[in-house]
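Topology and contacts: notes
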Amino acid sequence: SDVCSSDLTHNKVPGIGWRAASKLSLDRETRSLGTELTAPPDESGWRWVTSALFQSQASGSSDVNSQRYRAGRTQAGEQIDRNYYLQYDRAKVSDGSLSAVADALSANYAWTQRNFDSLPFPSSGYGLGVELGGGVTLGSSRQPYVRAQARWLALWPLAGERAGTRASMRSGRLATRAEGGMVLARTGADLPSTQLFLTGGDTTVRGYAYRSIGTELANGEIAAGRYLAAGSVEWQRPIVINDQLTDWESAVFLDAGAVADKPSALRAQVGVGAGVRWKSPVGPLQIDLAYGVAVKQLRLHLSVGFTF
């Protein structure tokens, strides 16, 4: 989809000396405005951080207008990032003439490890991220809940010990990705949809629209769910011209993902396809054509950059 974004950074806000970064992003599915204030690090590398995010996005069969406020501490290292923070979420879900509002307050901890050989164009290594949180809904009936999410990405050179040689470069690599999440709460707990899960799209399950895989309601609508499972296997192989490696790669892949309100109800939706990668000046450019088996449709996916 077409994306329009604008970033504004002030490295030292007068009076407090904190760094301020704001971003406006507009595309077909999501419109967001976010701002973050970051303090200078202490002797251990920890920083105070506060942020606010206002967002409107297509979510399943509905439109969601949400607000998120966060305050906490963060430590960014060469390989490991740590964060702990308090977060307030408020989400208004609109489906035609009907709308519902839910809000919650939570305490969270996030830990991320990156062990890739080179960025932003890694050829081997892995990344692991874990988020744990506990909170309470703030509606007329206050209910506690626990939320957990984990994600994994690994790149495996197919030449094994010959990694870095011309033979290994021609063989390419396997990229494997996995993601899982769960929210534990009483059945009637009114949770903000932004604390629940949806999947599908350019960087999750290709062959499906952005955030279109969720729980199916009795009326056929798609909503965010309490459990998420997704994964992907992709073969990436350099494109060689006149016996010379180029900045282009080919890829074939298999994606699968499911969302449900009970683990036993998880049913994978599968996407298969092929694409190309280009080492562009702004990071990896990914162009994929994928077929969504469940929806029986072809979909073109574009994304730029490497993030984990």
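Quick summary incoming for the structure in this document. (Residues numbered from 1 in each chain as written. Predicted model: local features only at pLDDT ≥ 70, side-chain atom pairs only at ≥ 80, totals over all residues. Heavy atoms only, no water.)

What to know about the overall build of the protein chain
Keep this limit in mind: A run of H or I in DSSP becomes a helix once it reaches four residues, and a run of E becomes a strand once it reaches two; helices and strands are each numbered from the N terminus. Radius of gyration here uses only the C-alpha atoms, and the compact-globule reference equals 2.2 Å multiplied by the residue count raised to the power 0.38. Burial here depends on accessible area, computed with a 1.4 Å probe over protein chains only, as a share of the maximum for the residue type. Under 20% is buried, over 50% is exposed, and the range in between is partly exposed.
Secondary structure summary: the protein chain contains one helix and 17 strands in total. Relative to its length of 308 residues, the protein chain is compact, with a C-alpha radius of gyration of 21 Å against a globular reference of 19 Å. Across its three principal directions, the C-alpha atoms of the protein chain cover 70 × 55 × 35 Å. In the protein chain, which comprises 308 residues, the share counted as buried stands at 36%.

Thoughts on the pairing of strand β4 (residues 46–59)
Defined as follows: In short, DSSP must find at least two bridges between two strands for them to pair.
With nine bridges connecting them, strand β3 (residues 30–38) and β4 associate as antiparallel partners. Looking at the pairing, Thr 30 lines up with Gln 57 of β4. One ladder, built from 14 bridges, connects β4 with strand β5 (residues 62–76); its direction is antiparallel. Paired with Ala 52 across the two strands is Tyr 69, which belongs to β5.

Description of the layout of surface pockets
Threshold: Put simply, the grid is 1 Å and covers the protein atoms alone, a cavity is a trapped set of points that fit a 1.4 Å probe, a pocket is an open set with protein on both sides within 12 Å along at least five of seven lines, and lining residues have an atom within 4 Å of a point. Grid points are joined across faces, edges and corners, and a volume is the space filled by probe spheres set on the points.
When its volume is computed, the second largest pocket comes out at roughly 520 Å³. Looking at the lining of the second largest pocket, the elements that each hand over two or more residues are β5, β6 (80–95), β7 (98–116) and β12 (222–223). At five residues, β7 tops the list of elements feeding residues into the lining of the second largest pocket.

Thoughts on the nonpolar core
Nonpolar side chains in soluble globular proteins generally cluster together in the buried interior. The condition is simple: For our purposes a nonpolar core is just a set of buried Ala, Val, Leu, Ile, Met, Phe, Trp, Tyr and Cys residues, chained together by side-chain atoms within 4.5 Å. Contact criterion: two residues are considered in contact whenever any of their non-hydrogen atoms come within 4.5 Å of each other.
Ala 104, Tyr 145, Val 183, Leu 191, Leu 196, Phe 197, Leu 198, Ile 222, Ala 224, Leu 228, Ala 230 and Val 259 form the largest nonpolar core, which has twelve residues in total. When neighbours within four sequence positions are excluded, Leu 191 is seen to be in contact with Ala 102, Thr 137, Tyr 145, Val 183, Ala 185, Leu 196 and Arg 226. Core analysis: the next-biggest nonpolar cluster, separate from the first, contains five residues, Phe 116, Leu 155, Ala 175 and Phe 308 among them.

Some points on the pattern of salt bridges
Spelled out, the test is: One side-chain nitrogen of Lys or Arg within 4 Å of one carboxyl oxygen of Asp or Glu is enough to make a salt bridge.
Applying the stated criterion across every chain, the model contains ten salt bridges. Of the charged contacts in the structure, one is a salt bridge between Arg 73 and Asp 42, with a shortest N-O distance of 3.1 Å. Of the two residues, Arg 73 sits in strand β5 while Asp 42 sits in the loop between β3 and β4, which places them 31 residues apart along the sequence. Assessed through its relative accessible area of 16%, Arg 73 is described here as buried.

A short note on the side chain of Arg 73
Note the cut-off: Nitrogen and oxygen atoms within 3.5 Å of one another constitute a polar contact, given that in protein one can donate a hydrogen and the other can accept it, and given that sequence-neighbouring residues count only through two side-chain atoms.
Side-chain polar atoms of Arg 73 contact the side chain of Asp 42, separated by 3.1 Å. Setting aside anything within four residues of it in sequence, one finds Arg 73 in contact with Asp 42, Trp 46, Arg 47, Trp 48, Arg 82, Asn 83 and Tyr 84.

What to know about a nonpolar patch on the surface
This is how it is decided: Patch membership requires more than 30% relative accessible area and the absence of a salt bridge. Residues of like charge join within 9 Å; the nonpolar side chains Val, Leu, Ile, Met, Phe, Trp and Tyr join within 5 Å. Reported accessibility uses the Shrake-Rupley method at a 1.4 Å probe radius. Residues are deemed covered only where the shown protein chains occlude them.
On the surface, a nonpolar cluster with roughly 700 Å² of combined accessible area is contributed by Leu 254, Val 272, Leu 289, Tyr 291, Val 293, Leu 298, Leu 300 and Leu 302. Where the nonpolar patch is concerned, the elements lending two or more residues are β16 (283–292) and β17 (297–304). It is β17 that contributes the most residues to the nonpolar patch, three residues altogether. As for its position among the elements, Leu 298 is in strand β17.

Structural notes on unusual backbone geometry
Of note, the bond from Leu 119 into Pro 120 is cis; its omega dihedral lies within 30 degrees of zero at 10°. Relative to the elements of secondary structure, Pro 120 occurs in the loop between β7 and β8 (125–137). The phi dihedral of Arg 211 falls on the positive side, at around 55°, and the residue is not glycine. Within the secondary structure, Arg 211 is located in the loop between β10 (173–185) and β11 (215–216). Using a relative accessible area of 17% as the deciding quantity, one classes Arg 211 as buried. Positive phi outside glycine occurs at Lys 296, with the angle close to 55°. Of note, Lys 296 is situated in the loop between β16 and β17.

Some thoughts on the packing of aromatic side chains
Threshold: Each pair of aromatic rings taken from Phe, Tyr and Trp, with Trp reduced to its six-membered ring, is defined by centres within 6.5 Å and is described as stacked if the planes are under 30 degrees apart, edge-to-face if over 60, and tilted in the remaining cases.
The final tally for this structure, using the stated rule, is seven aromatic pairs. Relative to Tyr 88, the ring of Tyr 69 has its centre 6.2 Å away and its plane inclined at 25°; by these criteria the two rings are stacked. Of this pair, Tyr 69 sits in strand β5 while Tyr 88 is found in strand β6, placing the two residues 19 residues apart along the sequence. Residue classification places Tyr 88 among the partly exposed residues on the basis of a relative accessible area of 22%.

Notes on the environment of Lys 296
Accessibility expressed as a relative area gives 63% for Lys 296, which makes it exposed. Between the alpha carbons of Lys 296 and Tyr 208 there is a distance of 9.6 Å; along the sequence they are 88 residues apart.

Quick look at the pairing of β6
Examined bridge by bridge, β5 and β6 share 14 bridges and lie antiparallel to one another. Bridge pairing links Arg 73 to Tyr 84 in β6. Joining the antiparallel neighbours β5 and β6 is a turn of three residues. With 16 bridges connecting them, β6 and β7 associate as antiparallel partners. Within β7, the position partnered with Asp 81 by the bridge is Thr 112.

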